[in-house]
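Descriptive analysis of the structure
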Amino acid sequence: MVKVPCQEIVWDIIPAIQAALAVELVSLGVSQIQIAAHLSLAPSAVSQYLSGKRGYRIVFDDPIKEIISKLARDIRSGSVSDDDLSAELCSICRSLRGDSRCGSSLD
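Residues numbered from 1 in each chain as written. Predicted model: local features only at pLDDT ≥ 70, side-chain atom pairs only at ≥ 80, totals over all residues. Heavy atoms only, no water.

Ala45, Val46 and Tyr49 are the residues of helix α3 (residues 43-51) that are buried. Viewed along the axis of α3, the buried residues span an arc of 100°, placing them on a single side of the element. Close packing links the buried residues of α3 with α1 (5-27) and α2 (32-39). One or two positions beyond α3, positive phi appears at Gly52, with a value near 80°. (Buried < 20%, exposed > 50% of the residue type's maximum accessible area, 1.4 Å probe, protein only. Helix = DSSP H or I, 4+ residues; strand = E, 2+ residues; numbered from the N terminus. Arc of directions from axis to C-beta. Contact = heavy atoms within 4.5 Å.)

The terminal C-alpha atoms of helix α5 (residues 82-97), which comprises 16 residues, lie 23 Å apart, in line with the 22 Å expected from a rise of 1.5 Å per residue. Those residues of α5 that sit buried are Leu85, Ile92 and Cys93. In a view along the axis of α5, the buried residues occupy a sector of 100°, so they form one face of it. Along its buried surface, α5 packs onto α1, α2 and α4 (62-77). The positive-phi residue at the C-terminal boundary of α5 is Gly98, with phi of around 65°. (Expected span 1.5 Å × (residues − 1).)

Take the environment of Val10 next. Along the chain, Val10 turns up in helix α1. Residue class for Val10 comes out exposed when judged on its relative accessible area of 52%. Once the C-alpha coordinates of Val10 and Ile67 are considered, the two residues, 57 residues apart in sequence, prove to be 20 Å apart.

Taken over all residues, the pLDDT of the protein chain has a mean of 88, while the share at 70 or more is 92%. Low pLDDT (under 50) marks residues 100-107, which in the prediction has six contacts with non-local residues, meaning those over four places away or in another chain. (pLDDT = per-residue confidence, 0-100.)

Two elements in contact, α1 and α4, have axes separated by 9 Å at closest approach and are oriented at 55°. Relative to α4, the element α1 is oriented oblique. The two elements α1 and α4 meet at a crossing, and its hand is right-handed. Here Ala20, Leu21, Glu24 and Leu25 of α1 lie close against α4, whose contacting residues are Ile68, Ser69, Leu71, Ala72, Ile75 and Arg76. Looking at the contact of α1 with α4 residue by residue, the class counts come to seven nonpolar, one polar and two charged. (Axes fitted to C-alpha atoms, helices over the stretch in contact; angles between N-to-C directions. Parallel < 35°, antiparallel > 145°, perpendicular 65-115°, else oblique. Left-handed = near helix turned anticlockwise from the far one by under 90°. Nonpolar A, V, L, I, M, F, W, Y, C, P; charged D, E, K, R; others polar.)

What follows is the structure in structure tokens.
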């Protein structure tokens, strides 16, 4: 069976981004409970991201790592709204996939 782009996004890309964000946020002193709340995740998911049980299939290059690091700092400072966070996650995903259509209308 062919793996469609949506499967790649849901199974690999989003978990990898969330895992990288969780690691960055922990390094900034944010608790796992707070991370779960910020990312709308279960605390158990955050724990699995931090332990490498989830979200480990993709290794990011330095420019993406820096974007994720900046986003983590912005989350910690409270300067990112839920809508902004969603847009930033979509932007990272689009960059990784090289697809400008992801997260936008396909009309």
